[in-house]
Amino acid sequence: MLIQSFKNLPLLPNDPIFAVNARFRADQRAQKVNLGIGVGLNDVGALPVMEAVHEAEVFLAQERVPRGYLPMAGSDRYATLTQSLVFGEVLPEIQSRVTSIQTVGGTGGLTIASHFARRALGARVGSVSNPTWGNHLTILQDAGLEVDRYPYFSRETKTLTVDAMVAHLKALPEQSLVVLHASCHNPTGMDLDDEGFNQVVEVLLQKNHIPLFDMAYQGWGLGVEEDARRVREYAKTGHPLIVAASNSKNFSLYGERVASLHVVCPSEKEAPIVRSHLLRFVRGIYSNPPTHGALVVETVLASPELTASWRTELESYRLRVAQMRQAFVTKGRALGFELKNVDQQIGLFALTDLTSEQIEALARDYGVYGVPNGRLCLAGLNEHNLDYVMDAFKGILHP
């Protein structure tokens, strides 16, 4: 029977984003462009080593810092420093109620938060935007939550469906886990405006929902402080919230899987209790997080000079992507096609009208790779490949 069980296993599909990346790597053409996987590239299409990160690594190498096991919570210094990055000016008001741990990337933080909501807080439903980052669905499902999708974006009108979102959240069972994108919504690139966000906050409070902010792209949208604004506004309500914050992307430390998880509790007395539950889930899932990335980030954030250098360089990357977005739209119009609403989106991504067939044609005929749902990572564009990419788009849109 055991052997038969192995034989009966179905082959599961590959993750669509990583499948695009694998196909791109296998493409032998000299001229190819990866607009699939969401990483921030520089103006020559390379993954940068930020100057502040390099200086921190040189310092750590000179100090010969050992690489022993971290505690289950990771580096307390890293967690404390990232609290300031996430909560900013609001932190003094809430710090006694916050418990923070280092996690294995943003995915690790979202996973621990989902298990905590389901198994410690009793949440039955985990609700995500439609559309959203595909891994949200897997994370919630694997934590034992009933996966729900609230309306967020209309492909037909290219607008946010705030009224439908609010009505949907009102209809959810009380104390549902609601995943919100802190900024740079993935994949739409469109965030709630002030009025829409306030409406969502009102219903979250009314229904005692558990907000889980996925802060994956702080610094890539409107700036480091601006991209944390929604989290800070919610923290001012005095109600509990959870934030999974990635530093893999804004420090260009993708492979180091460096991130933090912050839980703002109702009062100071719950903070150590919540922490004990988080660590129970950490121990069972990955035991403890890696050392190097956290050491690098905390070295940067502990130094005013390195922090200033990091912020300046990150801002230059943000502006470069914003410029590529505008050039993408402008050149498209000049060539006779309109990719609607792309210039109203922010961050790394553009959600286009392209069908999966058109995305396939781009890859097959031109070596230009995107995600089948029409999402493109505009950080893959630069002045050296932009004209080629635009000609490829013209080729599939106006053959």
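Computed from a prediction, not measured in an experiment: that's the story for all the values here.

Parameters at a glance
Residues numbered from 1 in each chain as written. Predicted model: local features only at pLDDT ≥ 70, side-chain atom pairs only at ≥ 80, totals over all residues. Heavy atoms only, no water. Helix = DSSP H or I, 4+ residues; strand = E, 2+ residues; numbered from the N terminus. Rg over C-alpha atoms; globule rule 2.2 N^0.38 Å. Contact = heavy atoms within 4.5 Å. Areas by Shrake-Rupley, 256 points an atom, 1.4 Å probe, with all protein chains shown as cover. Salt bridge = Lys/Arg side-chain N within 4 Å of Asp/Glu carboxyl O. Axes fitted to C-alpha atoms, helices over the stretch in contact; angles between N-to-C directions. Left-handed = near helix turned anticlockwise from the far one by under 90°. Nonpolar A, V, L, I, M, F, W, Y, C, P; charged D, E, K, R; others polar. Expected span 1.5 Å × (residues − 1). Buried < 20%, exposed > 50% of the residue type's maximum accessible area, 1.4 Å probe, protein only. Pairing = 2+ DSSP bridges. Right-handed = clockwise from strand over helix to strand, strands pointing away. Phe/Tyr/Trp six-rings, centres within 6.5 Å; stacked < 30°, edge-to-face > 60°. Lys NZ or Arg CZ within 6 Å of the ring centre and 35° of its normal. Arc of directions from axis to C-beta. Polar contact = N/O pair within 3.5 Å; in protein donor to acceptor, adjacent residues only side chain to side chain.

Asks: Would you mind going over the overall build of the protein with me for this structure?
Replies: Looking only at helices and strands, the protein has 15 helices and 13 strands in total. Since a compact globule built from 399 residues should have a radius of gyration of about 21 Å, the 21 Å found for the protein is in line with a globular shape. Judged by the C-alpha coordinates and their principal axes, the protein covers about 65 × 60 × 55 Å. Sequence-distant contacts, at least 24 apart, represent 75% of the contacts inside the protein between residues at least 6 apart. Accessible surface, the protein: about 17700 Å² in total, of which carbon and sulfur atoms supply 54%.

Asks: Teacher, can you tell me more about the environment of Phe-328 here?
Replies: With respect to the secondary-structure elements, Phe-328 resides in helix H13 (residues 304-334). For the pair Phe-328 and Val-389, spaced 61 residues apart in sequence, the C-alpha separation works out to 9.0 Å. Residue contacts for Phe-328: discarding those within four places in its chain leaves Leu-339, Val-342, Leu-376, Leu-378, Leu-381, Leu-386, Met-390 and Phe-393.

Asks: Explain the pattern of salt bridges here, please?
Replies: Where side chains of opposite charge bring their charged atoms close, a pairing between them can arise. According to the stated counting rule, one finds 16 salt bridges in the structure shown. Asp-353 is the salt-bridge partner of Lys-158, the closest N and O atoms lying 2.8 Å from each other. With Lys-158 in the loop between strand S5 (153-154) and strand S6 (159-160) and Asp-353 in the loop between strand S11 (349-351) and helix H14 (356-366), this pair connects stretches of sequence that are 195 residues apart. Glu-315 is the salt-bridge partner of Arg-318, the closest N and O atoms lying 2.7 Å from each other. Note that Arg-318 and Glu-315 are positioned in helix H13 at a spacing of three residues, about one turn of the helix. Through salt bridges that share partners, Glu-89, Glu-225, Arg-232 and Arg-311 make up one connected network.

Asks: Can you walk me through the packing of helix H6 (residues 105-120) against helix H7 (residues 134-142) in this structure?
Replies: The geometry of a pair of packed helices is captured by two quantities: the angle between their axes and the separation between those axes. Two elements in contact, H6 and H7, have axes separated by 9 Å at closest approach and are oriented at 35°. Read as a crossing pair, H6 and H7 show a hand that is right-handed. Facing Thr-107, Leu-110, Thr-111, Ser-114 and His-115 of H6, the residues of H7 in contact are Asn-135, His-136, Ile-139, Leu-140 and Asp-142. Looking at the contact of H6 with H7 residue by residue, the classes come out as three nonpolar, six polar and one charged.

Asks: What exactly am I supposed to notice about H13 here?
Replies: Owing to its 3.6 residues per turn, the α-helix brings residues three or four apart onto one side. Its 31 residues give H13 an end-to-end C-alpha distance of 45 Å, which sits within 8% of 45 Å, the value for a rise of 1.5 Å per residue. Residue Gly-336 follows H13 closely and has a positive phi angle near 95°.

Asks: Even after reading the chapter, I still don't get the pairing of strand S8 (residues 210-215), so can you show me in this structure?
Replies: Note on strand geometry: in a regular strand, side chains alternate between the two faces of the sheet. Extensive coverage of S8 is indicated by the burial of six of its six residues. In the sheet, strand S7 (residues 177-181) pairs with S8 via five bridges, with the strands oriented parallel. Within S8, the residue paired with His-181 across the bridge is Asp-214. Note that the unit made of S7, helix H9 (residues 194-206) and S8 has a crossover that is right-handed. Note: S8 against strand S9 (residues 241-246), four bridges, orientation parallel. Following the sheet pairing, Met-215 is matched in S9 by Ala-245.

Asks: How should I be thinking about the packing of aromatic side chains in this particular structure?
Replies: Note on aromatic pairs: each is described by the distance of the centres and the angle between the planes. Counted under the stated rule, the structure contains seven aromatic pairs. Where Phe-24 meets Tyr-369, the ring centres are 5.7 Å apart and the plane angle is 85°; that geometry is what we call edge-to-face. Of this pair, Phe-24 sits in helix H2 (residues 16-26) while Tyr-369 sits in strand S12 (residues 368-369), placing them 345 residues apart in sequence. In terms of burial, Phe-24 and Tyr-369 fall into one category: buried. Connected via pairs of aromatic rings, a cluster forms that spans Phe-328, Phe-337 and Phe-393. Positioned over the ring face of Tyr-217 is Lys-249, at 5.5 Å from the centre of the ring. If you follow Arg-375 out to its NZ or CZ, it ends over the ring of Phe-349, 3.8 Å from the centre.

Asks: Sorry, what's going on with H2 here?
Replies: Considered for burial, the residues of H2 that qualify are Ile-17, Val-20, Asn-21 and Phe-24. Viewed along the axis of H2, the buried residues span an arc of 95°, placing them on a single side of the element. Opposite the packed face of H2, turned more than 90 degrees from it, sit the exposed residues Phe-18 and Ala-26. The elements touched by buried residues of H2 are strand S1 (33-34), S12 and strand S13 (375-377). For H2, the capping residue at the N-terminal end is Asp-15, with a side-chain oxygen 3.0 Å from the backbone nitrogen of Ile-17.

Geometric values such as these leave the question of function open.
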